[in-house]
Each structure stands twice: as structure tokens, then as C-alpha cells.
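Notes for the structure review
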Amino acid sequence: MDELLSDGEKNAKTVTCQRCGSVVLKPNNATLVKKEKFLPSMRKKSEGTDQAGDTLQEFWLVTDMYTFENVGFTNTVENIKFLICADCEIGPIGWHDLSDKQAFYVALERVEHK
């Protein structure tokens, strides 16, 4: 875990999509937070909707949506927009609660760090 953090608890490495390698975040743009959240299983948008998923606890917190290099947003589901890779549409890689305009979360387990 320490190799993923810079001195200021920011991401020390580039965050990329696990599937296609597209850059999601550049280094030093997100802060590590521990917060429990259930995310549906990762899949392409066209692969259907099942209710399987994972309860995840470590996320990169981004406070401005324009900080992302390459991320897409799903339609709103119960006041939540899920984050997906804008290139290959796999996801969700994270989430955004519409009631908090300055909190976008990317799950560490759902991305690569290079």
C-alpha cells in the first residue's frame, strides 16, 4: 500500500483501467480514503445487469470531476452515478453521490497503478 501513496497521502502512481490501460488519473490528484461501499460487479455496459458485486473499503477521493483524464458516468441510480472507463466502458470503477458535488470515489481494487 505504501508504494501507492506519496508523502501527502495522494496517489503516487498513474491510475489506469484494468481492462484497456486507459489513464483514469495522473499522480498526485486523489487522496486515499477508507469508506465502505457496495459496487456492482465489473462488466461492459452491454453485458446486462445482475446484482452481484463487492463491498469495497479503499477508494481514491477526487474532489473535482475535471481532474479525471478518462472517466464516464452511468445514468443515475438512487442518487448515485457509477464511474466507468470512458474508453472500454467497463465498470463500475467507482461512484459519485449527487448530494456531494465534491466527492468522486475510485475503488483501488478496480483499477491498476503504474
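For the chain, the name recorded in an unreviewed UniProt entry is Guanine nucleotide exchange factor MSS4, with Branchiostoma belcheri as its organism. We quote the UniProt Subunit (unreviewed entry) comment for the chain here in full: "Interacts with RAB8A."

To continue, consider the sheet that holds strand E5 (residues 53–62). The 6 strands are arranged E3-E5-E10-E9-E7-E6 in an open sheet whose pairing can be described as antiparallel. Each edge of the open sheet is held by one strand with a lone partner, namely strand E3 (31–40) and strand E6 (72–73). Sheet topology note: the E3/E5 ladder contains 8 bridges and is antiparallel. Within E5, the residue paired with Thr31 across the bridge is Leu61.

A separate point is the sheet that holds strand E2 (residues 23–25). Pairing is antiparallel across the open sheet formed by 3 strands, whose spatial order is E2-E1-E11. In the strand order of this sheet, the two ends are held by E2 and strand E11 (111–113), each with one partner. Taken pair by pair, the neighbouring strands of this sheet meet at an average axis angle of 40°, ignoring direction. Of the strand pairs in this sheet, strand E1 (residues 15–17) and E2 are connected by 2 bridges, and their pairing is antiparallel. Within E2, the position partnered with Val15 by the bridge is Leu25.

Thresholds, definitions, all that
- Residues numbered from 1 in each chain as written.
- Predicted model: local features only at pLDDT ≥ 70, side-chain atom pairs only at ≥ 80, totals over all residues.
- Heavy atoms only, no water.
- UniProt positions renumbered as here; feature names shortened; annotations may be inferred.
- Pairing = 2+ DSSP bridges.
- Helix = DSSP H or I, 4+ residues; strand = E, 2+ residues; numbered from the N terminus.
- Axes fitted to C-alpha atoms, helices over the stretch in contact; angles between N-to-C directions.

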